[in-house]
2 protein chains.
Amino acid sequence: MLQRRIDDHAPTTREGMREAQDIFYKHLKRVGLKHTDQRDIILRTFLETRDHLSTDELFRLVRKKDAKVGFTTVYRTLKLLAECGLASEVAFHDGVARYEHQFNRRSHHHMVCTDCGVSVEFFSPEVDKLEEEIGRKYHFDATRHTFQIYGLCEDCRKRGPRKAV
Amino acid sequence: MLQRRIDDHAPTTREGMREAQDIFYKHLKRVGLKHTDQRDIILRTFLETRDHLSTDELFRLVRKKDAKVGFTTVYRTLKLLAECGLASEVAFHDGVARYEHQFNRRSHHHMVCTDCGVSVEFFSPEVDKLEEEIGRKYHFDATRHTFQIYGLCEDCRKRGPRKAV
DNA sequence: GTCTAATTGAAAATGAATTTCATTTTCAAT
DNA sequence: ATTGAAAATGAAATTCATTTTCAATTAGAC
């Protein structure tokens, strides 16, 4: 599924890659886990793409590089990456969990086409401010939020409905 | 799971109930479906509660009134209610789809405690405005959005973590 | 190099959501 | 009231993403 991105997100540079690996390895050490080739390949593959990947999609990409890496390991590594802040889950409500990398990214949200699934990112500091304000108001220790807008993208609107309603 | 609500939402009155039934029946007629006792019971049960119900939770409530109604029928009726705007899905990312009734409700959003699951509603016209603005900017025909804030509620913060992290 | 604890990945399990299908019910036309 | 076609029902089966299990393998501290 196409994931168009109009954003500030440059492809991960060699230095960025190293920096991210460093964060990951430090996290592993901290929680008493080990450094493995599989985790390495998975992290690099994940950082190389700009897309919003499901576990299965990342697994397929990883497998192109090393056919011996299993789905379960990708699944578990994705959780680890989320733990140390390098990845975060984005829920587009299409039935699968998706992750995007969060390394050197500024806060953003998504607008998703309900017909073709394309997603575009947008920036809205107001929304971030709201999280903080509302949290304070209701005495919640607010840690995160989700905000997605759903609708028909221009192409799908012109083409007419593709999915049965 | 407790669903505290601090909102403008009065319990559905007898007249409201009739009005909602009217909307539902008109919708059924429009799409060539039939009026049945089960659908009646399910709609009434749904309107009687203020909670954010999963299909299974609604099924249990319905079963108290009529033990012969099946889970599948509740599941399907909930979809019908969503189709005609009487219900809408709310995703709290706890693994189950929840519905809340949307009859005579004004736009609102939810703040969810990640520890105990309590949810409180809040109102934020700014968010609704954003949907419209962003949609225009990116030439999307925006139809809906989701906005949830996650964090620790006051009680859970005081009590300390309950769930393993 | 040894040893222990962590890792791996195939397979199985889980569980919510959805579909199937034989039976029953609705409702419009008689 | 009767009929018959189309829709509804609900128990059971299926689907499918996610998560767990477990025996074999591997990392890395000593």
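Shown above is the structure to which this text applies.
Residues numbered from 1 in each chain as written. Chains lettered and ligands numbered in written order. Predicted model: local features only at pLDDT ≥ 70, side-chain atom pairs only at ≥ 80, totals over all residues.

Peer 1: Help me understand the overall build of chain A, please; the structure alone is not making it clear to me.
Peer 2: Broken down by element type, chain A carries six helices and six strands. Scanning chain A from its N terminus toward the C terminus, one meets helices and strands in the order α-α-β-α-α-β-β-β-β-α-β-α. (Helix = DSSP H or I, 4+ residues; strand = E, 2+ residues; numbered from the N terminus.)

Peer 1: What should I look at first to understand the sheet that holds strand β6 (residues 141-152) of chain B in this one?
Peer 2: Hydrogen bonds along the backbone pair up the strands of a sheet, which may run parallel or antiparallel. The strand order β5(A)-β4(A)-β6(A)-β6(B)-β4(B)-β5(B) describes an open sheet built from six strands, whose pairing is mixed. Edge positions in the sheet fall to β5 (119-122) of chain A together with β5 (119-122) of chain B, since each has one partner strand and no second. Averaged over neighbouring strand pairs, the angle between their axes works out to 25° when direction is ignored. Judged from the four bridges that link them, strand β4 (residues 109-113) of chain A and strand β6 (residues 141-152) of chain A form a sheet pairing that is parallel. Among the inter-strand pairings, V112(A) is bridged to a residue of β6(A), identified as Y150(A). Contacting β4 and β6 of chain A together with β4 (109-113), β5 and β6 of chain B, helix α5 (residues 125-137) of chain A crosses the sheet at an angle of about 135° to β6(A). Lying on the sheet, helix α5 (residues 125-137) of chain B is in contact with β4, β5 and β6 of chain A together with β4 and β6 of chain B; it crosses β6(B) at an angle near 135°. (Pairing = 2+ DSSP bridges. Axes fitted to C-alpha atoms, helices over the stretch in contact; angles between N-to-C directions. Contact = placed C-beta atoms within 7 Å.)

Peer 1: Can you help me understand the nonpolar core in this one?
Peer 2: Soluble globular proteins tend to pack their nonpolar side chains together in the buried interior. In this structure, M111(A) and M111(B) are the most contacted members of the largest nonpolar core, which totals 30 residues. Looking at this core, the elements with two or more residues in it are β4, α5 and β6 of chain A together with β4, α5 and β6 of chain B. Excluding residues within four positions of it along the chain, M111(A) makes contact with S119(A), V120(A), F122(A), I149(A), I134(B), Y138(B) and F140(B). In this structure, A20(A), L43(A), L47(A) and A87(A) belong to the second largest nonpolar core, which totals 18 residues. (Core = buried A, V, L, I, M, F, W, Y, C linked by C-beta atoms within 7 Å. Buried ≥ 20, exposed ≤ 12 C-beta atoms within 10 Å, placed from the backbone.)

Peer 1: Quick question: what am I supposed to make of the protein's contact with DNA strand C here?
Peer 2: The immediate surroundings of DNA strand C are formed by 22 residues, with L33(A), T36(A), G70(A), T73(A) and A97(B) found nearest. At the level of secondary structure, the elements contributing two or more residues to the surface near DNA strand C comprise α2 (37-48) and α4 (71-83) of chain A together with α4 (71-83) of chain B. Looking at the surface near DNA strand C residue by residue, the class counts come to five nonpolar, twelve polar and five charged. (Near = placed C-beta within 6 Å. Nonpolar A, V, L, I, M, F, W, Y, C, P; charged D, E, K, R; others polar.)

Peer 1: Explain the protein's contact with DNA strand D here, please?
Peer 2: Taken together, 23 residues sit near DNA strand D, with H35(A), A97(A), L33(B), G70(B) and T73(B) positioned nearest. Looking at the surface near DNA strand D, the elements with two or more residues in it are α4 of chain A together with α2 (37-48) and α4 of chain B. Residue composition of the surface near DNA strand D, grouped by class: five nonpolar, twelve polar and six charged.

Peer 1: Would you mind going over the relation of the copies chain A and chain B with me for this structure?
Peer 2: What relates the two chain copies is a rotation about an axis together with a slide along it. Superposing chain A onto chain B takes a rotation of 179° plus a shift of 0.0 Å along the axis, which leaves an RMSD of 0.1 Å. Such a turn and shift between the copies fits a two-fold axis. The rotation axis passes nearest to the C-alpha of F147(A) in chain A, at a distance of 2.2 Å. A shared interface surface links the copies, since 100% of the contact residues of chain A are contact residues in chain B too. (Least-squares fit on C-alpha atoms with pLDDT ≥ 70 in both.)

Peer 1: Any chance you could explain the interface of chain A and chain B here in plain terms?
Peer 2: The parts lose accessible area when they come together, and the size of an interface is often stated as this lost area. Each partner contributes residues to the interface: chain A has 30 residues there, and chain B has 30 residues. Every element with two or more residues in the side of chain A that touches chain B is listed here: β5, α5, β6 and α6 (154-159) of chain A. The leading source of residues in the side of chain A that touches chain B is β6(A), at twelve residues. Split into classes, the residues belonging to the side of chain A that touches chain B amount to 15 nonpolar, nine polar and six charged. As judged from the eleven bridges shared by β6(A) and β6(B), these two strands associate in the antiparallel manner. Looking across to β6(B), one finds that I149(A) is bridged to H145(B).

Peer 1: Mind showing me how you'd approach the sheet that holds strand β1 (residues 53-54) of chain A here?
Peer 2: Residues and elements named next belong to chain A. The strand order β1-β3-β2 describes an open sheet built from three strands, whose pairing is antiparallel. Looking at which strands have only one partner, the edges of the open sheet turn out to be β1 and β2 (87-90). The pairing of β1 with strand β3 (residues 98-101) spans two bridges and is antiparallel. Directly across from S54, in β3, lies its bridge partner R98. Its contacts with the sheet put α4 on β2 and β3, and the angle it makes with β2 is roughly 105°.

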